[in-house]
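Structural overview
These are the residues of each chain, in order.
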Amino acid sequence: MSLHLYDTWTRSLREFTPLKAGEVGLYTCGPTVYNYAHIGNLRTYLFEDGLTRTLRLNGYHVNHVMNITDVGHLVSDADEGEDKMEAGSRRTGQTAWTIAALYTEAFRADLKALNIVEPTTWCKATDHIAEQISFIEEIEKKGYTYKTSDGVYFDTSKQSSYGYLGRLDIEGLQGGARVDLGEKRNATDYALWKFSAPEEKRQMEWDSPWGRGFPGWHIECSAMAHKYLGEYFDIHCGGEDHITVHHTNEISQTEAAYGTRLSNYWMHGYFLLTNDAKMSKSAGEFLRVQLLIDKGYDPISYRYLCLTAHYRSQLNFSWDALDAAQTALGRLRQNVFSLGDVAAKPNAEYVAKFMEKLNDDLNFPQALALAYEVLKSNLSAAEKKATLIKFDDGFGLGLAQWVPKEIEVPANVRAVADARWAARNAKDWAEADRLRSELTALGWTMKDGKDGYTVAQL
Ligand code: AMP
Ligand code: ZN
């Protein structure tokens, strides 16, 4: 089966055909680095990692670009309120530049902990101010902009296709917002460039043809995608919240400047929820990867948990679900390890079935179920091992590298076990039994072999 992906643009499954044979241009919206990423954000990056792995398994070379939003994302997505970076700076007492570097590094550490393959190109909004200014100039030349006292705005009423991605009810939105428009002409208009307020000294601001200020949030993605992937590329991804505002506006900017809808396929990962509400940085317990580690979880358990749900369905996070994922992962690892060395080729039939699951819009839950079928099958141990290691190119659970932890046997346990071994060899069965009970009380068990014994924790 050839690769089929769900495209939000057409609201349908489409066969994937790259624009350039053998290559895929992929843009994924990256983190806003005013705080740590939460595991909800990381569910979206895990979905994108599953996509990248699937594309590679299909033989494509993936040119993957991810931006770092380090300026311009306002507290309200509607171009109002403080810049999240400036707010983060106030919260931490450090400069916006310092926290941007800190949270970018923390984000990369999270990706590593979850075994997410890094993009081929990272790009920061603040490193591409000139590109964003020229992009706005291009939009201006085409006649889509107007100026207000606080910035340069995109006039969405001039674009008949505006809002198609989100299937927006433009008239309804306009009617609902009539009173609060301020200087904006239409409810859906958005800022391309915001001016620094006259009384304010921003930490991050630049000169522009329109005045001193900073870029709006959406323009960075249009400008950097254009620079690294061109006017029209293959796939653009993000979380489901990006459909109606951020991606809608990215499309509108690129369509105004270059006449394309930016990307051929638009894909969106659905939310991770806590207590049936969207997980967010501001609400409730702040669930970071580091918190999972601090609580004693292997972060790959979270990766496993995400594999059990399709990316186009929301997933409710609970500690019970994470416990279950950790247990299942432990068993899978142990099972794969005990199959011995990779001394055979992967089974072609199972690999073909596996690719069918992945190529059916990244059906990782079913691909995971197939792994358990392989374990139960009557393939030889060596063939099972090779097949599951091949599957792991898609899962990313690190199955090939995993080895059981060598548990150090404490000296007092070793002493009792030695004594019992000696009693047994001397045929002093009563003493041997007594020492075995002593061992059990310490939480250990021992197994006698021909030439010696092994101990294990109960
Ligand atoms: P941000 O750092 O807020 O710009 O978000 C980074 C990415 O995480 C974006 O693609 C969002 O759509 C996505 N995202 C935000 N909240 C969640 C959530 N609860 N579950 C899944 N993805 C999310
Ligand atoms: Zn973006």
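Everything below is about the structure shown above.
Read on for an overview of the structure.

**Re the coordination of the zinc ion (ligand 2)**
Distances from the zinc ion (ligand 2) to its protein donors, namely Cys-29 (SG), Cys-221 (SG), His-246 (NE2) and Glu-250 (OE), fall within the range 2.1 to 2.5 Å. Taken together, the four donor atoms coordinating the zinc ion (ligand 2) span angles of 74 to 132 degrees at the metal, a pattern that classifies the geometry as irregular. In the primary sequence, the donor residues of the zinc ion (ligand 2) line up as C-x191-C-x24-H-x3-E. Placement of both His-246 and Glu-250 in helix α7 (residues 246-258) is noted, with a separation of four residues, approximately one turn of the helix. By the burial criterion, His-246 is buried, and Glu-250 matches it.

**Details of the nonpolar core**
By size, the foremost hydrophobic cluster in this structure holds 67 residues, and its most contacted members are Ile-235, Tyr-302, Phe-391 and Phe-395. In terms of nonpolar packing, the next biggest core, distinct from the first, is built from 47 residues, Tyr-34, Tyr-162, Leu-192 and Trp-266 among them.

**Concerning helix α14 (residues 411-425)**
Helix length check: α14 (15 residues) gives 21 Å between terminal C-alpha atoms against 21 Å at 1.5 Å per residue, within 8%. Among all positions of α14, only Val-413, Val-416, Ala-417, Arg-420, Trp-421 and Ala-423 are buried. Looking down the long axis of α14, one finds its buried residues gathered within 165 degrees of arc, a one-sided arrangement. Packed against the buried residues of α14 are α15 (429-441), β17 (444-448) and β18 (453-457). Following α14 by one or two positions, Lys-427 has its phi on the positive side, about 60 degrees.

**Let's talk about unusual backbone geometry**
In this model, Arg-11 sits at a positive phi of 55 degrees, which is unusual for a non-glycine residue. Secondary-structure assignment places Arg-11 in the loop between β1 (4-7) and β2 (12-15). The backbone phi angle of Leu-262 is positive, close to 75 degrees, even though this residue is not glycine. On the secondary structure map, Leu-262 appears in the loop between α7 and β13 (263-269).

**A closer look at empty space enclosed by the protein**
Under the counting rule described, the total for this entry stands at five cavities of 30 Å³ or more. What the largest cavity holds in volume is close to 180 Å³. Around the largest cavity, the lining is made up of 14 residues, and of these Leu-46, Phe-47, Cys-306, Leu-307 and Phe-364 lie nearest the centre. Every element with two or more residues in the lining of the largest cavity is listed here: α1 (39-57), α9 (299-307) and α12 (364-376). Broken down by element, the residue count for the lining of the largest cavity peaks at four residues, all from α1. Taken together, the residues of the lining of the largest cavity sort by class into nine nonpolar, three polar and two charged.

**Section: α7**
Compared with an ideal rise of 1.5 Å per residue, which puts 13 residues at 18 Å, α7 spans 18 Å between its outermost C-alpha atoms and is within 8% of the ideal. Of all 13 residues that make up α7, eleven are buried, and the element is covered over most of its length. Listing the buried residues of α7 in full gives His-246, His-247, Thr-248, Asn-249, Glu-250, Ile-251, Ser-252, Gln-253, Thr-254, Ala-256 and Ala-257. Immediately downstream of α7, the backbone of Gly-259 shows phi near 75 degrees, a positive value.

**Some details on the pairing of strand β12 (residues 233-239)**
The element β12 is largely enclosed, with a buried count of seven among its seven residues. Strand direction decides the pairing type here: strand β3 (residues 23-28) and β12, joined by three bridges, are parallel. What sits directly across from Thr-28, in β12, is Cys-237. One ladder, built from six bridges, connects β12 with β13; its direction is parallel.

Rules of the game
- Residues numbered from 1 in each chain as written.
- Chains lettered and ligands numbered in written order.
- Predicted model: local features only at pLDDT ≥ 70, side-chain atom pairs only at ≥ 80, totals over all residues.
- Heavy atoms only, no water.
- Donors = N, O, S within 2.8 Å, 3.2 Å for Na, K, Ca; no water.
- Tetrahedral: all angles 85-135°; square planar, octahedral: opposite > 155°, others 65-115°.
- Helix = DSSP H or I, 4+ residues; strand = E, 2+ residues; numbered from the N terminus.
- Buried < 20%, exposed > 50% of the residue type's maximum accessible area, 1.4 Å probe, protein only.
- Core = buried A, V, L, I, M, F, W, Y, C linked by side-chain atoms within 4.5 Å.
- Expected span 1.5 Å × (residues − 1).
- Arc of directions from axis to C-beta.
- Contact = heavy atoms within 4.5 Å.
- 1 Å grid on protein atoms, 1.4 Å probe; cavity = no way out; pocket = protein on both sides within 12 Å on 5 of 7 lines; lining within 4 Å.
- Points joined across faces, edges and corners; volume = space filled by probe spheres on them.
- Nonpolar A, V, L, I, M, F, W, Y, C, P; charged D, E, K, R; others polar.
- Pairing = 2+ DSSP bridges.

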